[in-house]
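What follows is the residue order along each chain.
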Amino acid sequence: QVQLVESGGGLVQAGGSLRLSCTPSEGTIFNNYGMGWFRQAPGKEREFVARINWTGGSTSYADSVKGRFTISRDNAQKTVHLQMNSLKPEDTAVYYCAAAQRYGNLVDARKDIDYWGQGTQVTVFS
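Residues numbered from 1 in each chain as written. Predicted model: local features only at pLDDT ≥ 70, side-chain atom pairs only at ≥ 80, totals over all residues. Heavy atoms only, no water.

Visitor: Whenever I open this one, the overall build of the protein chain confuses me. Can you help?
Guide: The secondary structure content of the protein chain amounts to 0 helices and 11 strands. Considering only C-alpha atoms, the protein chain reaches an extent of 40 × 30 × 25 Å along its principal axes. Counting all 126 residues of the protein chain, 44% fall into the buried class. In the protein chain, the share of contacts with a sequence separation of at least 24, taken over all contacts with a separation of at least 6, comes to 58%. Accessible surface for the protein chain amounts to roughly 6,300 Å². Of this, 44% is attributable to carbon and sulfur atoms. Charge-centre separation for the protein chain: the mean point of 13 positive side chains lies 4 Å from the mean point of 11 negative side chains. (Helix = DSSP H or I, 4+ residues; strand = E, 2+ residues; numbered from the N terminus. Buried < 20%, exposed > 50% of the residue type's maximum accessible area, 1.4 Å probe, protein only. Contact = heavy atoms within 4.5 Å. Areas by Shrake-Rupley, 256 points an atom, 1.4 Å probe, with all protein chains shown as cover. Lys, Arg positive; Asp, Glu negative; His and termini not counted. Charge placed at Lys NZ, Arg CZ, Asp CG, Glu CD.)

In structure tokens:
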């Protein structure tokens, strides 16, 4: 069973930065897959944060993180990153890495996502 393995979560003060990383347990699923990040806060639905297509040439972001978060991928290292700057308490959530062959699905957690990570906690305190 292929897994997406996330790392980089933690506790940070408001205004600080964190960098999340995600890599598949099997490299065969990385190429030709769009990759994305979602997050879920307590009592809320899982929401789209950012996505990047398989070449890295196309990205998109939720309005709430535009200008603060940057998604990138290294296909040679088979890793996708989410650089999070100017963090706010409302960014506190479990962040999930996602992979989908249909790039268009990486905007809604209810759509057909091929693989999910186990989640990594990000906590921003003021």
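Let us keep going from here.
Visitor: Help me understand the state of the cysteines, please; the structure alone is not making it clear to me.
Guide: Cysteine pairs can be covalently joined through their sulfur atoms, and such a bond is termed a disulfide. The final tally for this structure, using the stated rule, is 1 disulfide. Two residues, C22 and C97, share a disulfide whose sulfurs are 2.1 Å apart. Of note, the bridge from C22 to C97 carries an S-S torsion of about -80° and is left-handed in sense. Linking C22 in strand β3 (residues 18-24) with C97 in strand β9 (residues 93-100), this pair joins segments that are 75 residues apart in sequence. Classification of C22 as buried rests on a relative accessible area of 1%. Judged by relative accessible area, which is 0%, C97 ranks as buried. (Disulfide = S-S within 2.5 Å.)

Visitor: Is there a simple way to think about the pairing of strand β5 (residues 47-52) in this case?
Guide: Each regular strand shows side chains that alternate between the opposite faces of the sheet. Burial analysis of β5 places 5 of its 6 residues in the buried class, the great majority of the element. Bridging between strand β4 (residues 34-40) and β5 involves 5 bridges; their strand directions are antiparallel. Bridging across to β5, R39 finds its partner in E47. In this structure, the hairpin formed by β5 and strand β6 (residues 59-61) is closed by a connection of 6 residues, where G56 is found at a positive phi of approximately 85°. (Pairing = 2+ DSSP bridges.)

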